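Fold and contact review
Residues per chain are reported as follows:
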Amino acid sequence: MTAGRALVALASFGFALLLLVQILHTTGTIAAGFSDWRPILIAYVVWAVAFGIGQVLTRGERGQRALFLLPAVFFTVAVVIFPTIFGLYIASLDWNLSSVEGPRFSGFDNVRGILNDTYYWNALGNMIFYTVAVLGEYAIAFGLALLLSAEVRARRFFRVVFLLPMMLSPVAVSWMIGKSLLEYRFGPAATLARDLGWDNPAFFASPWMARLSIQAMDAWVSIPFIMIILLAGLQAMPKEVQEAAKVDGANGWQSFWHVTFPIMLPVSITVLIIRIIFKLKLADIVINVTAGGPGGATDTVSSFIYRVYRDRSNVGYGTALAMVYLLMIIFLLTVLLRLSKRWTQKVG
């Protein structure tokens, strides 16, 4: 048992030491180090093997069973934890690709820059608007799911029709709707709006109209996703419960509010959280249709980070923006999960 723990401790110390030396070498703090990160990758593999052997020596048969989980653990470390740590390191650099000086350690300068960046806070405010709009998407999707779960004619046909937008790429939707259907000179939507009396139907000219247009396009693609999950939940709901409500004299609204909605609450919370996660990544439609305009009115945090990388070539600042946004998302989802758990227990 002692040999296994000693092996794990020695391998972990050696890997951490090599990683620290390489980071200090890369930042120019010390001369010792490697010319590239390949030795660190080899050291990681050696540490992984030593960790596995150490588990077997320490835990015996339980350690052998744990070995089956190690590939998943090491994969998670390689594709999630290590990139996150590397992102934190990049966020501490003053690294602009257009500069000949290369990356330089700048501490928390990028974070201080974020606090004074009005464009970033504007994008964050837009992101709050887009995220709150998920509740509207949910209400529409729930109505469609209730409609398609009822005994109506051509139900299968309508299910396929309503799912069609979900099959399209957001980039295709950007060009099909944003660049053609809503085009303010020759687009059919603009022509129809003029016929109805709207003198200047420019859907992306004013800030609020542009935000609503972007939200409408994203909702058009996303509502079928929410609808199909809610529809599956409705189909799995026991029919006897609703029949019992009818026997007790409940009307349609009472049956929905007191029976259907509480039973569907776990499904609703799950699909809302998934949809919020997708919404927090909204960028492709904004980039393709408005490029964040007019004046940053439609910018999301993701599209703003993309433009920092592309337009300013500022790798350090863009990564700092991404890491701060990641921390915000983790905090938001943690709060949402706690609140949803309490609400489910209270309603249930």
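Structure: see above.
Residues numbered from 1 in each chain as written. Predicted model: local features only at pLDDT ≥ 70, side-chain atom pairs only at ≥ 80, totals over all residues. Heavy atoms only, no water.

A separate point is the overall build of the protein chain. When you go through the protein chain residue by residue, the secondary structure sums to 16 helices and 2 strands. Taking 20 Å as the expected radius of gyration for a compact globule of 348 residues, we find that the protein chain reaches 27 Å, considerably beyond that expectation. Dimensions of the protein chain, computed from C-alpha atoms along their principal axes, come out at roughly 75 × 55 × 35 Å. Each of the 348 residues in the protein chain was classed as buried or not, and the buried ones make up 37%. Partitioning the contacts of the protein chain with sequence separation of at least 6, the portion at a separation of at least 24 is 65%. (Helix = DSSP H or I, 4+ residues; strand = E, 2+ residues; numbered from the N terminus. Rg over C-alpha atoms; globule rule 2.2 N^0.38 Å. Buried < 20%, exposed > 50% of the residue type's maximum accessible area, 1.4 Å probe, protein only. Contact = heavy atoms within 4.5 Å.)

To continue, consider the packing of helix H8 (residues 155-163) against helix H11 (residues 207-236). Between H8 and H11, whose axes approach to 9 Å, the crossing angle comes to 145°. In this structure, H8 uses Arg159, Phe162 and Leu163 to contact H11, whose residues at the interface are Pro224, Met227, Ile228, Leu231 and Gln235. Of the residues belonging to the contact of H8 with H11, the class tally is 6 nonpolar, 1 polar and 1 charged. (Axes fitted to C-alpha atoms, helices over the stretch in contact; angles between N-to-C directions. Nonpolar A, V, L, I, M, F, W, Y, C, P; charged D, E, K, R; others polar.)

Where helix H6 (residues 118-132) meets helix H13 (residues 252-280), the closest approach of the two axes is 10 Å, and the angle between their N-to-C directions is 150°. Between H6 and H13, the crossing angle belongs to the class labelled roughly antiparallel. When you trace H6 past H13, the crossing you get is right-handed. Taking contact as the criterion, the partners of Met127, Tyr130 and Thr131 in H6 are, on H13, Ile276, Lys279 and Leu280. Here the contact of H6 with H13 is composed, by residue class, of 4 nonpolar, 1 polar and 1 charged. (Parallel < 35°, antiparallel > 145°, perpendicular 65-115°, else oblique. Left-handed = near helix turned anticlockwise from the far one by under 90°.)

Glancing now at the environment of Gly14. By the secondary structure assignment, Gly14 is in helix H1 (residues 2-26). Along the primary structure Gly14 and Trp47 are separated by 33 residues, whereas in three dimensions their C-alpha atoms are 8.3 Å apart.

That bond from Gly293 to Pro294 is cis: its omega, 0°, falls within 30 degrees of zero. Following the sequence through the fold, Pro294 ends up in the loop between helix H14 (284-289) and helix H15 (301-312). One non-glycine residue, Ala291, lies in positive phi territory at about 55°. With respect to the helices, strands and loops of the structure, Ala291 is situated in the loop between H14 and H15. The phi torsion at Ser313 lies on the positive side, around 55°, for a residue other than glycine. With respect to the secondary-structure elements, Ser313 resides in the loop between H15 and helix H16 (315-347).

Let's shift gears to the packing of aromatic side chains. All chains considered together, the criterion is met by 21 aromatic pairs. For the ring pair Phe15 and Tyr44, a centre distance of 6.0 Å and an interplane angle of 50° mean the geometry is tilted. Of this pair, Phe15 sits in helix H1 while Tyr44 sits in helix H2 (residues 38-59), and the two are 29 residues apart along the sequence. Assigned by exposure class, Phe15 and Tyr44 land together as buried. Taken together, the ring pairs connect Tyr138, Phe142, Trp253, Phe256, Trp257 and Phe261 into an aromatic cluster. (Phe/Tyr/Trp six-rings, centres within 6.5 Å; stacked < 30°, edge-to-face > 60°.)

Below, the discussion takes up the pattern of salt bridges. Proximity of charged atoms lets side chains of opposite charge pair with each other. A full pass over the atoms with the stated rule returns 9 salt bridges. Arg112 is paired through a salt bridge with Asp109; the nearest N and O atoms lie 2.5 Å apart. One end of the pair is Arg112 and the other is Asp109, both in helix H5 (residues 109-115) and 3 residues apart, which spans about a single turn. A residue is classified by how much of its surface remains accessible, and Asp109, at 42% relative accessible area, is partly exposed. Of the charged contacts in the structure, one is a salt bridge between Glu183 and Arg185, with a shortest N-O distance of 3.0 Å. Among the residues examined, Glu183 registers a relative accessible area of 17% and is labelled buried. (Salt bridge = Lys/Arg side-chain N within 4 Å of Asp/Glu carboxyl O.)

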